[in-house]
Every structure is written in C-alpha cells, then in structure tokens.
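One-letter residues, chain by chain:
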Amino acid sequence: MIDKSSPIPIYYQIEESIKRQIDAGDLLPHNVLPSEREFAEQLEISRMTVRQAINNLVNTGYLYRQKGRGTFVAEKKLEQQLLGLTGFTEEMKARGMTPSSKLLSLDTIPSSEKIASQLHVTTNAPIYEIIRIRLADNVPMALETAYMSADLIKGLTAEIINYSIYQYVENHLGLKIGYATQSLESTIATDVEIASLSIAKHSPILLIERTTYLEDGRPLEFVKSSYRADRYKFTCTINRR
Ligand code: 16G
C-alpha cells in the first residue's frame, strides 16, 4: 500500500490508496476503516501520519467520523451541473433518486425592503416565506428558504410545496420560468442548519442565493439554499471565448 523509500509523503500515499479503494468499490459507503492504531501497526508508521491522512480525507468528504464508533467511508457527493435552470424535484428525479421535503414553515408576511427589491414588490407587500428541508432518498441535502410574491403565486398550499413549486408554477399556473441569477459561497453551518441537516457542529455549507425570473422578466422567487458541503459538489463547463 505504501512505499517508504518514495519521495512522496507517506500520509499522501495513504490518502491516495484509500481514495483508489473507494473509487474501485473495494471500500463501500459506510464501511468502517481500521482504527488509527491498527493502521499504524499494520504499516509500521506513526499514528500521527495516519491521523494526518485520515483528517485530510474527512475534511475533503471522503470519510466521516462517528464519536466512539470509528471512521467510515462517506457516500459519494452528488454532483450537480450548473448548466440549466432546474428545481430540486426534477434534479433528483433525473438522477433516479426520490425527492421529498419537510416543510418547517409556510407564512404570509409583509416584505422587508431587501426582499421587496428582489421581487419587485413594494415594501410590506404580502409575500410567502417558505422554509423546507429538501431530502433525496430520505437524506437531508439542503435547507431552503424561499420568498415569493403572494399576489403572483396564488393558492400555494403546504401540499403543493411538499411536492414541487416549479411544477405548480409551470403546470398549474401556466407561468413560464425563464432564467435566474445565482451566487455560491461557502459558510459554516448555523445552529438551525446543524439541526435541520443532521450535520456536525462547524460543518461547511455551500450557500446558494438564487433570484429566478419568469420569461417576461417578473421575479418569481428569491431563495437561499444551504447545501451540505459533504454531500454536494457543483460543476460547470466553461468556454474560452
Ligand atoms: C431548487 C432551487 C430553488 C427552487 C427549488 C424548486 C437551487 C439552488 N434552488 O432548490 O430556487 O425554489 O429548486 O424546487 O437550485 P421544487 O420544484 O422541487 O419545489
């Protein structure tokens, strides 16, 4: 597994070897790894070196630790192409997963100045605030807070939201979703995100803010989506010129 005479650092060799075993399917998600002590004895290297390799693989999402139980192989991250404008339900279905939502709250509130400017409504105009956990195959993936004009999106109910907002907007209201502007930044999980997504304290989060517009230019939604950085990876194709 490792070559001590190589100029490549031993911790790095261990990392690469574990990654190869994961990629080849020799190590499967949720398989337990030998303890640091066992690894160190087996390979006749220091526990510090083993720990460095394992820490790196935990930080990059290949492995996860459970207190008192050990270190395990993580599920492969979901890779989402930043290409077309899709909703969560259609995204998950397209990859053969079962999407679901847990609605935490649905309220009609007066719009703040900031959200009013995103949605092109007047301050204090009635807007929906929808907070839901988005799950794929029953695993929480993201916590999402969406704002929409209550005058534009009429008749929204918990039942609709539990299925798909985009499908309701397009198929039921007959509105055409056109385009969105989106930002992606990294944050550290807040207490609400930790509880909703069942993640450890200080976990990294990929925060996406999206403003979606109808084809005629009217803003449909302003959404903040907090994705688990250990389960999600966004990719895109970029062209030179
Ligand atoms: C995605 C969108 C969100 C949209 C939702 C609709 C991102 C970052 N966000 O989560 O803006 O409201 O899908 O999903 O992709 P639904 O049709 O399943 O309700």
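It should be noted that the structure appears before, not after, this text.
Residues numbered from 1 in each chain as written. Predicted model: local features only at pLDDT ≥ 70, side-chain atom pairs only at ≥ 80, totals over all residues. Heavy atoms only, no water.

A. The side chain of R134, seen in detail. Tracing the chain through its elements places R134 in strand β5 (residues 126-136). R134 sits in the buried class, given a relative accessible area of 3%. For R134, the side chain forms a polar contact with the side chain of E144, separated by 3.0 Å. Ignoring any residue separated from it by four or fewer positions in sequence, one finds R134 in contact with F88, T89, S100, S101, V139, P140, M141, A142, E144 and Y163. (Helix = DSSP H or I, 4+ residues; strand = E, 2+ residues; numbered from the N terminus. Buried < 20%, exposed > 50% of the residue type's maximum accessible area, 1.4 Å probe, protein only. Polar contact = N/O pair within 3.5 Å; in protein donor to acceptor, adjacent residues only side chain to side chain. Contact = heavy atoms within 4.5 Å.)

B. Looking closely at the nonpolar core. In this structure, Y128, I130, M148, I153, L156, V169 and L220 are the most contacted members of the largest nonpolar core, which totals 19 residues. Elements with a contribution of two residues or more to this core: β5, β6 (139-149), α6 (158-163), α7 (165-172) and β9 (219-228). Residue contributions to this core peak at four residues, all from α7. Apart from the residues lying within four places of it in its own chain, the contact partners of M148 are L119, I127, Y128, I130, I153, L156, I165, L220 and E221. (Core = buried A, V, L, I, M, F, W, Y, C linked by side-chain atoms within 4.5 Å.)

C. Broad picture of the packing of aromatic side chains. If you walk through the whole model with that rule in mind, you get six aromatic pairs. Both rings, one in Y179 and one in Y213, keep their centres 4.9 Å apart while their planes meet at 15°; by these two values the pair is stacked. Of this pair, Y179 sits in strand β7 (residues 177-188) while Y213 sits in strand β8 (residues 204-214); the two residues are 34 residues apart in sequence, bridging distant segments of the chain. Taking 4.4 Å as the distance between ring centres and 55° as the angle between the ring planes, the aromatic pair formed by Y227 and Y232 counts as tilted. Pair check on accessibility: Y227 and Y232 agree, each one buried. Members of the aromatic cluster, each reached through a chain of ring pairs, are Y227, Y232 and F234. (Phe/Tyr/Trp six-rings, centres within 6.5 Å; stacked < 30°, edge-to-face > 60°.)

D. Layout of the pattern of salt bridges. One pass over the full model with this rule turns up nine salt bridges. In this structure, K19 engages E16 in a salt bridge whose closest nitrogen and oxygen atoms are separated by 3.4 Å. Of this pair, K19 and E16 both sit in helix α1 (residues 10-23), three residues apart, which is roughly one turn of the helix. Looking at E16, the relative accessible area reads 23%, which means it is partly exposed. Within this structure, R132, R134 and E144 form a network of salt bridges that share partners. (Salt bridge = Lys/Arg side-chain N within 4 Å of Asp/Glu carboxyl O.)

E. Seen up close, the environment of T122. Looking at the element boundaries, T122 is found in the loop between α5 (113-119) and β5. In this structure, the C-alpha to C-alpha distance between T122 and S112, residues ten residues apart in sequence, is 8.9 Å. Contacts of T122, omitting those with residues within four sequence positions, involve S111 and A116.

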